[in-house]
Amino acid sequence: MTLLALLFSCLIAAFAPGAGELPPTTWVFPREPAVEAMRVTAEAIFSATQVTWADATGAPVTGFRPAAIYPPLFGRDLSWIVPAARLFYPPSAWQPGVEAFLRRQYGATTTSDEDGWQAGAGALPGVLHSDGRLDKASAVSDEETSLIGAAYSLFEVQGAAWLTTIITGTADLTESRCDHCAARPRDLAAPRVIDRLDAALSWLWDNRRDAINGLIWRGHTTDWGDVTLDPTAPNPTDLDPARALRTASLFDQVLAWRAAQQLAAMWEALGDASRAATWRQRAADLQAAANRDLWQPQRGFYRLHLHLAGPACAEGPPCATWQHPFDEGRLLAISNAVAAQVGFSSPAQTQAILAALAQAQLAAGATQPGLSLWPPYASWTFPQVDMQAGRYQNGGVWDWWAGVQIEAEFKAGYSRRALLHLRQVARAWANHPGQVYEWQARGLRPETRQPDLAHASMARDYAAGAATLVQAINAGLYGVEWQAGGALRVTVRLGEASGAITSTLAGAGRALSYTYTPAADALALSYRTWGVGAFPLWLRLPPDRDAAAVTLDAADAVFTVERVGADRYVALTGLPGVHTVTVRILPSPPWWEQWRLRWRYLREPGSG
């Protein structure tokens, strides 16, 4: 019996039915111990960034702040943290934080404490302070969509019943636009979670959608960033109303598209097919507009943003669109990886995007993925000192975005490249155990990192970076995807490498443990589930190998062979409980046959 199989057997014995709590999330990856160690670091970061306070009504607020140097709760960061944090923490550790943002939803006269901005009824704050202050960055348009993403993660755990929870807020929402509320005027007088989410996305569509091209607009940032280029803005994250430099960024289109799809799924779970159809159509229209105006087929990636005309000038007509004196289309933004990760881009677009990102890493001399922008804007294009070329949001390397890119590579079918990139980040983390840098200079080697901002951020406990790397491992490498309605999907992408994982939705009563052992003639998977039914189960075949037969326990199993990107999988239906899957694989063909097949595939890509 192999060591991994022995560990799995012990796990099954320790957590037999009736034994109490489910096993905690953990993983084993003998080929690269640094990947195993990433869990310990991530858990330490989550523990260090967890916050709790009581709001003015006495209601608890819990969640995860971005890092120690960022004390408040940020809705954007929370949306990236909770999909991973829920593998270690029950909803009580972060659900009150999500609901706190909804409770502080803007009314018609709500003002941001930092700058006095009145965004209007339905908007959501971007930042919550423990002393009750709230703020909203007027330069960005991803705060509503981010909070919807966090809410969707909670919906996947708590189910549709949570969406009907009444959230009594501090402002009147009855003046906000809410198409479905006309038939049910009570909704905004005593709004449910779903009503607040719908009002938030409706606010975005009404207030931040360009009338000419249908795209969501923001200020001029580095696409996903929140620091504006405008030197006359009252704050680095706000617009200057007099200038109002407007852009339609890829990041906003992708997150708005995802939020509309998520909102549609939540409406469907409540049985409102009409409202769901409305949001799905809006998502489709936005995706079509983005592909029309932002996709660059000759470059193989999306343009980071499109410059738009601002509001009316003093003489009446719209101000002329402001442009840079260089071709911005050549700048590759990391939000292309987000487009690939969430399924916004087509398979062909995703293949081109991921190849372009890998090439950009090499061109930039970066030691790992997560390059935020390449090439960066020239120094002093942005007036802030920390926005010079190659730093922070202007070309810095972020573990946050590395995790997104790696997960996208795994899911798109480029597992070997994804594993290479994962090992690069894991080895960087090994040089500073227990720490996750917010960002670093692209040419900085892990063993020579310096503690000043010329080389890396002062934040050493960046929770979003820890979270996206956990997701790259859990949902990417090991392929465990917890979905709405109690559903589970498992895509074992280990290939030639052995490994084991326990993935548990803390506090939800759902878990999966599996051990995977490849051999020369077979792939063996032993697994156990808790709290789930039958599920799609895919196992990646080693390169140039084919499946001869598949058994589930002792019985022959019906299977198909599927291709995703460069990967090929055996696909079958997994059953709940304790089971063993064995894939008998054919011997490798002789070298001349491998070369013949590769040559044929190059000449006829659809042939195999």
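No experiment lies behind these values; they were computed from the predicted model shown.

The rules behind each value
Residues numbered from 1 in each chain as written. Predicted model: local features only at pLDDT ≥ 70, side-chain atom pairs only at ≥ 80, totals over all residues. Heavy atoms only, no water. Helix = DSSP H or I, 4+ residues; strand = E, 2+ residues; numbered from the N terminus. Contact = heavy atoms within 4.5 Å. Areas by Shrake-Rupley, 256 points an atom, 1.4 Å probe, with all protein chains shown as cover. Core = buried A, V, L, I, M, F, W, Y, C linked by side-chain atoms within 4.5 Å. Buried < 20%, exposed > 50% of the residue type's maximum accessible area, 1.4 Å probe, protein only. Pairing = 2+ DSSP bridges. Patch = residues over 30% accessible without salt bridge, like charges linked within 9 Å, V, L, I, M, F, W, Y side chains within 5 Å. Salt bridge = Lys/Arg side-chain N within 4 Å of Asp/Glu carboxyl O. Polar contact = N/O pair within 3.5 Å; in protein donor to acceptor, adjacent residues only side chain to side chain. Axes fitted to C-alpha atoms, helices over the stretch in contact; angles between N-to-C directions. Parallel < 35°, antiparallel > 145°, perpendicular 65-115°, else oblique. Left-handed = near helix turned anticlockwise from the far one by under 90°. Nonpolar A, V, L, I, M, F, W, Y, C, P; charged D, E, K, R; others polar. Phe/Tyr/Trp six-rings, centres within 6.5 Å; stacked < 30°, edge-to-face > 60°. pLDDT = per-residue confidence, 0-100.

> Got a sec to walk through the overall build of the chain? Specific residues and values, please.
A tally of regular secondary structure across the chain gives 15 helices and 23 strands. Of all intrachain contacts in the chain linking residues separated by at least 6 positions in sequence, the fraction that spans at least 24 positions is 66%. As presented, the chain carries roughly 22,600 Å² of accessible surface, and 56% of it is formed by carbon and sulfur atoms.

> Which residues make up the nonpolar core, and what are the values?
Across soluble globular proteins, nonpolar side chains show a tendency to be buried alongside one another. Judged by nonpolar contacts, the single largest core of 170 residues is most densely connected at Phe46, Trp401, Leu422, Tyr478, Tyr514, Leu537 and Val583. Apart from the residues within four sequence positions on either side, Tyr478 is in contact with Trp27, Val28, Phe29, Ile473, Val490, Thr491, Val492, Leu494, Gly499, Ala500, Ile501 and Tyr514.

> With reference to specific residues and values, describe the sheet that holds strand S1 (residues 26-28).
Spatially, seven strands are ordered S1-S15-S16-S17-S23-S19-S20 in an open sheet, and the strand pairing comes out antiparallel. Either end of the sheet is taken by a strand with one partner, and the two such strands are S1 and strand S20 (555-556). Bridging between strand S15 (residues 499-505) and strand S16 (residues 510-518) involves seven bridges; their strand directions are antiparallel. Paired with Ser503 across the two strands is Leu512, which belongs to S16.

> So, a nonpolar patch on the surface: which residues are in play, and what are the values?
Side chains of Trp591, Trp592 and Trp595 sit close together on the surface and give an oily, nonpolar patch of about 480 Å² of accessible area. As for its position among the elements, Trp595 is in helix H15 (residues 591-603).

> Lay out the sheet that holds strand S6 (residues 134-135) with the relevant residues and their values.
Spatially, three strands are ordered S4-S5-S6 in an open sheet, and the strand pairing comes out antiparallel. The strands lining the two open edges of the sheet, one partner per strand, are strand S4 (73-74) and S6. Pairing analysis gives two bridges linking strand S5 (residues 127-128) to S6, with the strands arranged antiparallel. Residue pairing in the sheet places Val127 in a bridge with Asp135 of S6.

> I'd like a description of the environment of Asp252, backed by residues and values.
Within the element layout of this structure, Asp252 appears in helix H8 (residues 250-269). Separated by 106 residues in the primary sequence, Asp252 and Ser146 have C-alpha atoms spaced 9.9 Å apart. If we skip the residues at most four places from it in the chain, Asp252 touches Ser141, Asp142, Ile216 and Arg218. A polar side-chain atom of Asp252 sits 2.6 Å from a polar atom in the side chain of Arg218.

> Which residues make up the packing of helix H11 (residues 347-364) against helix H12 (residues 399-412), and what values go with them?
Between H11 and H12, whose axes approach to 11 Å, the crossing angle comes to 135°. The angle between the axes of H11 and H12 places the two elements in the oblique class. In the crossing of H11 with H12, the sense of the turn from one axis to the other is left-handed. For the pair H11 and H12, the contacting residues are Thr350, Leu354 and Leu357 in the first and Gln405, Ala408, Glu409 and Ala412 in the second. Residues belonging to the contact of H11 with H12 are distributed by class as follows: four nonpolar, two polar and one charged.

> Go over the packing of aromatic side chains with me, naming the residues and quoting the values.
In the structure shown here, the tally under the stated rule is 26 aromatic pairs. Judged by centre distance (5.5 Å) and plane angle (85°), the ring pair of Trp80 and Trp401 falls under edge-to-face. Placement of the pair is Trp80 in helix H3 (residues 75-85) and Trp401 in helix H12, with a sequence separation of 321 residues. Assigned by exposure class, Trp80 and Trp401 land together as buried. Relative to Phe344, the ring of Tyr302 has its centre 5.9 Å away and its plane inclined at 55°; by these criteria the two rings are tilted.

> Can you break down the confidence of the model for the chain residue by residue, with the values?
Should the pLDDT be low somewhere, the predicted coordinates at that spot are not to be read in detail. Averaged over all residues, the pLDDT of the chain equals 90, while 88% of them reach at least 70. For residues 15-19, every residue scores under 50 in pLDDT, and the model assigns this stretch nine contacts once sequence neighbours within four places are set aside.

> Explain the pairing of strand S2 (residues 50-54) residue by residue, including any values.
Residue alternation in S2 divides its side chains into a buried set, Val51 and Trp53, and an unburied set, Gln50, Thr52 and Ala54. Inspection of the sheet shows S2 paired to strand S3 (residues 60-64) by five bridges, in the antiparallel sense. Bridging across to S3, Ala54 finds its partner in Pro60. Where S2 folds back onto S3 in an antiparallel hairpin, the turn is made up of five residues, including Gly58, whose phi is positive at roughly 90°.

> Kindly report on the pattern of salt bridges, identifying the contributing residues and their values.
Within the structure shown, the criterion is met by 21 salt bridges. One salt bridge in this structure joins Arg86 and Glu156, with 2.9 Å as the shortest N-O distance. Note that Arg86 is positioned in the loop between H3 and helix H4 (95-103) and Glu156 in helix H5 (residues 143-158), a separation of 70 residues in sequence. Look at Arg86 and you get buried, because its relative accessible area is 6%. According to the relative accessible area criterion, Glu156 is buried, its value standing at 12%. Note that Lys136 and Glu143 form a salt bridge whose closest N and O atoms lie 3.0 Å from each other. Per residue, the accessibility class of Lys136 equals that of Glu143, and both read buried. Here the salt bridges share partners, and the residues they tie into one network are Arg76, Asp142, Arg218 and Asp252.

> Any chance you could break down the packing of H3 against helix H14 (residues 463-477) for me, citing the residues and the numbers?
To characterise two packed helices, one gives the angle between the axes of the helices and the distance between these axes. Direction vectors running N to C along H3 and H14 enclose 40°, while the axes themselves pass 8 Å from each other. With respect to their mutual orientation, H3 and H14 come out oblique. Here H3 and H14 pass one another in a crossing that is left-handed. Where H3 approaches H14, its residues Asp77, Trp80, Ile81, Pro83 and Ala84 are matched on the opposing element by Ala463, Ala464, Ala467, Thr468, Val470 and Gln471. A per-class count over the contact of H3 with H14 returns eight nonpolar, two polar and one charged.

> Requested: an account of H3, with residues and values cited.
Across the eleven residues of H3, eleven count as buried, placing the element largely inside the fold. Among the residues of H3, those classed as buried are Gly75, Arg76, Asp77, Leu78, Ser79, Trp80, Ile81, Val82, Pro83, Ala84 and Ala85.

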